Amino acid sequence: MIEVRDLFKSFGRQSVLSGVTLQIQSGERVVIIGRSGGGKSVLLKHLIGLTQPDSGQVFVDGQDIVPMNERRLLDVRRKFGMLFQSAALFDSMSVAENVGFALVRERKFSRDEIDAKVREALAMVDLDGTEEKKPAELSGGMRKRVGLARAIVYRPQIILYDEPTTGLDPIAADSIDHLLVRISDALKTTSVAVTHDMRSASRIGQRIFMLHDGKIHASGTPAQIFKSDDPVVNRFVNGIADPKENPF
């Protein structure tokens, strides 16, 4: 479903991606881990064509999106749903209006069809009956669920998750992780998550990629990554600082 080949990206003199290569299969749940500022979010932006690489290729469903113009990229982006780190809800809108926002803008569905799709998406994230609430009335975990409902309301093939458990207590984070897995399995979506939460990574991922020094330093199942003898991987997943490095 997604393939990245030898991707390079710099901002000024700062090299962020230095030859990233990876493949993600259709229906697979993948987690990308790595240090803050290490390029994880930049890589996600490349997957949906929001950032242009200095060189390399990004294939989505067999199409290289790098040379595409904005019009063609819009068609590719319809394959994607996105759950933002902060859920990114519109405070002035109700839950239903937030979830149905993209459907209203596309003007392809009647009001009744949109309402039905919104109710279905909210039911899938266990938020039946919250349509008229405002984001301010919701807990952090509920806002994440609304963001997920918005991501799945038009049935994307791929869902990107940017730090899905940030700001949640351990119980709410566990609930969100299990919900992401359930949604992925039910809708047969390809899921790509970026996270610093190692418990979340182990619960969500069927495979984990570690981005380090601008490249994929390691990949494997959660068991392989968390039992790795590689010192860089071992220190990161166990939260052990390298005394020779400046952590900032």
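Now for a quick tour of the structure. (Residues numbered from 1 in each chain as written. Predicted model: local features only at pLDDT ≥ 70, side-chain atom pairs only at ≥ 80, totals over all residues. Heavy atoms only, no water.)

For the protein chain, the count of helices and strands is 10 helices and 10 strands. By its C-alpha atoms, the protein chain is 60 × 45 × 30 Å across when sized along the principal axes. Per-residue burial for the protein chain yields a buried fraction of 49% across its 248 residues. Look at the contacts in the protein chain between residues 6 or more apart in sequence, and 67% of them connect residues 24 or more apart. Accessible area of the protein chain: about 12,500 Å², with a carbon and sulfur share of 49%. (Helix = DSSP H or I, 4+ residues; strand = E, 2+ residues; numbered from the N terminus. Buried < 20%, exposed > 50% of the residue type's maximum accessible area, 1.4 Å probe, protein only. Contact = heavy atoms within 4.5 Å. Areas by Shrake-Rupley, 256 points an atom, 1.4 Å probe, with all protein chains shown as cover.)

Before going further, it helps to spend a moment on the nonpolar core. In terms of nonpolar packing, the biggest core is built from 43 residues, with Ile 33, Val 99, Val 125, Leu 148, Ile 152 and Ile 183 touching the most fellow members. Counting residues per element, this core draws most heavily on helix H7 (residues 170-187), at 6 residues. Excluding residues within four positions of it along the chain, Ile 183 makes contact with Met 124, Val 125, Leu 148, Ile 152 and Lys 188. Counting 30 residues, the second largest nonpolar core, distinct from the first, contains Ile 32, Leu 43, Val 58 and Met 68. (Core = buried A, V, L, I, M, F, W, Y, C linked by side-chain atoms within 4.5 Å.)

Let us now look at the side chain of Ser 191. Along the chain, the position of Ser 191 falls in strand S8 (residues 190-194). With relative accessibility at 2%, the residue Ser 191 sits in the buried group. Leave out the neighbours within four places in its chain, and Ser 191 touches Glu 28, Arg 29, Val 30, Ile 159, Tyr 161 and Ser 184.

Moving on, we get to unusual backbone geometry. In this structure, Asp 126 takes a positive phi of about 65° despite not being glycine. You can see Asp 126 is positioned in the loop between helix H5 (111-124) and helix H6 (140-152). Asp 126 sits in the partly exposed class, given a relative accessible area of 44%. One non-glycine residue, Glu 163, lies in the positive phi region at around 50°. Mapped onto the secondary structure, Glu 163 falls in the loop between strand S7 (158-162) and H7.

Attention now goes to helix H1 (residues 40-47). Among the 8 residues in H1, 6 count as buried, and that is most of the element. Considered for burial, the residues of H1 that qualify are Lys 40, Val 42, Leu 43, Leu 44, His 46 and Leu 47. In the stretch just after H1, Gly 49 is the one whose phi turns positive, near 75°.

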